[in-house]
Amino acid sequence: MTMMNIVQAINQALKSEMEKDDRVILLGEDIGKNGGVFRATDQLFEQFGEKRVVDTPIAESAIIGAAVGMAARGLRPVAEIQFMGFIYEAMDQMAAQAARLRFRSGGTQTAPMVVRAPYGGGIRAPELHSDSLESAFAHSPGLKVVMPSSPYDAKGLLIAAMRDPDPVLFLEPMKLYRAFQEEVPEEDYEIEIGKANRLREGEDLTIITWGPPVHTVKAVAEAWWKEKGVSIEVIDLRTVAPLDMETIIASVEKTEHVIIVHEAVKTGGVGAEIAALISEKALYSLSAPILRVTGFDTPYPTAMVEEEWLPNEKRINEAITAVLDE
């Protein structure tokens, strides 16, 4: 075991898989000699050279378009979008080409590729750098969407993504890149895509979350237990497409109270889909309405007010009180 942060875990996963599989090729803006804007590809250019760590023009549609072609021809490209807010340029390639290739070809071709993108708020970045756009891609059949919240999960999920036969959007929380370290195995391991992680067992309330809010939710849950004896179960989805509804429903049937917490705007968010599925599959297990604590239905705000815009402890605590008082 080695202590790593998320950037180090991602770097190790890329390095390890590139050593084992010469089909793995990295491409993106400034990922070569510069090592990427967050240094996630640091030293990989020196080890693997310019043919496997490719610096690209500033053209997201070209990056993903090239990756789709590579994947269709037998390579395993890992493309980086420098910030998720810039991904709109590549949505056609991802949703209309990569995600549909297996369906369009009758199963004769696939696009085994990974698109990495930093996302999320809390770092006071300029406009278009902090958007959480996972729901737009979760709506694209054929595309998997993975959102780790820890170094251990980041390494295991990225290795699984690089070995997956279909395209995976791998979203990396900027706020957590270097926020903390934890023990991560040096050897390879995979974490199953589509399997949630029950981070904390509880009996009174289920909170479902993913990405940066995971750590805020954990802190709130621990405070409620210590101060009021309320037992809160915390589920980190890790993957928003596909959803692990088996784990979610089992928890709902146990606690009978649900809150969903995510950074993305509320309307049309993944939280809405989860709430609908719970209503379909476990409505009679609920003792109170499902509540959501999310970003607001506005563009991501300026740095001056982003802490109020993001799901914070105050808003989560208010939701817990409201649910338990029903």
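Here, every reference points to the structure presented above.
Nothing here was measured: the structure is a model prediction, and the numbers come from that model.

## Some details on the nonpolar core
In terms of nonpolar packing, the biggest core is built from 48 residues, with Ile64 and Ile278 touching the most fellow members. At the level of elements, α3 (60-72), α4 (91-98), β5 (114-119), β7 (168-173), β12 (239-241), α9 (245-255), β13 (258-265) and α10 (270-282) are the ones that each hand at least two residues to this core. Per-element tally for this core: the top contributor is α10, with 6 residues. Ala9, Val24, Phe48 and Ile191 belong to the second-largest nonpolar core, a separate cluster that totals 37 residues.

## Side note on the sheet that holds β13
Ordered in space as β9-β11-β10-β13-β14, the 5 strands form an open sheet in which the pairing is mixed. Strand pairing shows two members of the sheet lacking a second neighbour, β9 (197-200) and β14 (291-295), which therefore form its edges. Across the sheet, the axes of successive neighbouring strands diverge by a mean angle of 25°, strand direction being ignored. Across 5 bridges, the pairing between strand β10 (residues 205-209) and strand β11 (residues 232-236) is parallel. Opposite Ile207, over in β11, you have Val234 as the bridge partner. Relative to β11, helix α8 (residues 213-228) is tilted by about 170°, and along the sheet it contacts β9, β10, β11 and β13.

## Here we look at the pairing of strand β4 (residues 76-80)
Burial within β4 is extensive, with 5 of its 5 residues counted as buried. Neither face of β4 is open: one carries Arg76, Val78 and Glu80, the other Pro77 and Ala79, and all of them are buried. With 5 bridges joining them, strand β2 (residues 24-28) and β4 adopt parallel strand pairing. Opposite Leu27, over in β4, you have Ala79 as the bridge partner.

## Topic: the packing of aromatic side chains
Tallied over the entire structure, the rule returns 5 aromatic pairs. Consider the rings of Phe38 and Phe83, whose centres lie 5.6 Å apart with planes at 70°: the pair is edge-to-face. Residue Phe38 is found in the loop between β2 and α2 (44-48), and its partner Phe83 is found in the loop between β4 and α4; the two are separated by 45 residues along the sequence. With relative accessibility at 17%, the residue Phe38 sits in the buried group. Note that Lys228 overlies the ring of Trp224, its terminal NZ or CZ placed 4.2 Å from the centroid.

Rules behind the numbers
Residues numbered from 1 in each chain as written. Predicted model: local features only at pLDDT ≥ 70, side-chain atom pairs only at ≥ 80, totals over all residues. Heavy atoms only, no water. Core = buried A, V, L, I, M, F, W, Y, C linked by side-chain atoms within 4.5 Å. Buried < 20%, exposed > 50% of the residue type's maximum accessible area, 1.4 Å probe, protein only. Helix = DSSP H or I, 4+ residues; strand = E, 2+ residues; numbered from the N terminus. Pairing = 2+ DSSP bridges. Axes fitted to C-alpha atoms, helices over the stretch in contact; angles between N-to-C directions. Contact = heavy atoms within 4.5 Å. Phe/Tyr/Trp six-rings, centres within 6.5 Å; stacked < 30°, edge-to-face > 60°. Lys NZ or Arg CZ within 6 Å of the ring centre and 35° of its normal.

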